[in-house]
Amino acid sequence: TKPFNILEVKARIKAIMRRLSKPESDKSQYLEVGDMRLDCDGRRVYIDNNEINLTAKEFEVLELLVTNPNKVYSRENLLKLVWGADYPGDVRTVDVHIRTLRQKLGECGKQIHTIRGVGYSISKECGEEA
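Residues numbered from 1 in each chain as written. Predicted model: local features only at pLDDT ≥ 70, side-chain atom pairs only at ≥ 80, totals over all residues. Heavy atoms only, no water.

Undergrad: I'd like a description of the overall build of the chain, backed by residues and values.
TA: A count of helical and extended segments in the chain gives four helices and seven strands. Going from the N terminus to the C terminus, the chain shows its helices and strands as α-β-β-β-β-α-β-α-α-β-β. Each of the 130 residues in the chain was classed as buried or not, and the buried ones make up 34%. Contacts spanning at least 24 positions in sequence make up 45% of the contacts within the chain whose residues lie at least 6 apart. For the chain, the exposed surface amounts to about 8500 Å²; the carbon and sulfur share of it is 50%. (Helix = DSSP H or I, 4+ residues; strand = E, 2+ residues; numbered from the N terminus. Buried < 20%, exposed > 50% of the residue type's maximum accessible area, 1.4 Å probe, protein only. Contact = heavy atoms within 4.5 Å. Areas by Shrake-Rupley, 256 points an atom, 1.4 Å probe, with all protein chains shown as cover.)

Undergrad: Any details on the packing of helix 2 (residues 56-67) against helix 4 (residues 92-105)? Residues and values, ideally.
TA: Running from N to C, helix 2 and helix 4 point in directions that differ by 85°, and their axes come no closer than 10 Å. Our classification of the angle between helix 2 and helix 4 gives roughly perpendicular. When helix 2 is examined against helix 4, the residues K57, E58, V61, L62 and L65 are found in contact with a partner set consisting of H97, I98, T100, L101, K104 and L105. Grouping the amino acids of the contact of helix 2 with helix 4 by side-chain chemistry returns six nonpolar, two polar and three charged. (Axes fitted to C-alpha atoms, helices over the stretch in contact; angles between N-to-C directions. Parallel < 35°, antiparallel > 145°, perpendicular 65-115°, else oblique. Nonpolar A, V, L, I, M, F, W, Y, C, P; charged D, E, K, R; others polar.)

Undergrad: Tell me what's going on with unusual backbone geometry, and back it up with residues and numbers.
TA: Negative phi values dominate among residues other than glycine, just as trans dominates among peptide bonds. Even without glycine at this site, R43 takes up a positive phi of about 55°. Looking at the secondary structure, you find R43 in the loop between strand 2 (36-39) and strand 3 (44-47). Looking at R43, the relative accessible area reads 37%, which means it is partly exposed. Despite not being glycine, N70 has its phi angle at roughly 65°, a positive value. The topology assignment puts N70 in the loop between helix 2 and strand 5 (73-74).

Undergrad: Residues and numbers for the sheet that holds strand 3, please.
TA: The antiparallel open sheet is built from four strands, whose spatial order is 1-2-3-4. Because the sheet does not close on itself, it has two edges, and the strands there are strand 1 (30-33) and strand 4 (50-52). The sheet shows a mean angle of 25° between the axes of neighbouring strands, taken without regard to direction. Bridging between strand 1 and strand 2 involves four bridges; their strand directions are antiparallel. (Pairing = 2+ DSSP bridges.)

Undergrad: Give me helix 4: which residues, what numbers.
TA: The end-to-end C-alpha separation of helix 4 is 20 Å, in line with the 20 Å expected for 14 residues at 1.5 Å each. Looking only at helix 4, the buried set comprises T93, V94, D95, H97, I98, L101 and L105. Remark: G106 follows helix 4 within two positions and exhibits a positive phi of approximately 60°. (Expected span 1.5 Å × (residues − 1).)

Undergrad: I'd like a rundown of the sheet that holds strand 6 (residues 112-115), residues and numbers included.
TA: Within the open sheet, the three strands sit side by side as 5-7-6. Their pairing is antiparallel. Each having just a single partner strand, strand 5 and strand 6 make up the two edges of the open sheet. Sitting on the sheet, helix 4 is in contact with strand 6 and strand 7 (119-122), with an inclination near 145° to strand 6.

These values are about where atoms sit, not about what they do.
Printed below as a string of structure tokens:
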């Protein structure tokens, strides 16, 4: 309905494009890394069958890292991929989200490695060292 907010229109278009870009076989997909299991369809994270409550952006960062294990993402790249190219915030936003992710994930949070001067990566197994 008019008048409408252009940011809402952009968000709706982005959501539709994201839904259309996922193939049907990816529906209700689970990703497992050590003791951690991500329900991509339900946007939930479980560690030893206990649900861990994450914000939408924390889940998106974790999902990106888990789907590409051992790949290093710079802060700028994570910011662009998760928040979008037009996000006006600082790259330190990524640092804050990584820190809270590590806290919420406990022992499995140690899988998220800081590659000094480069960015972040996640290992394939709990307890695996970088």
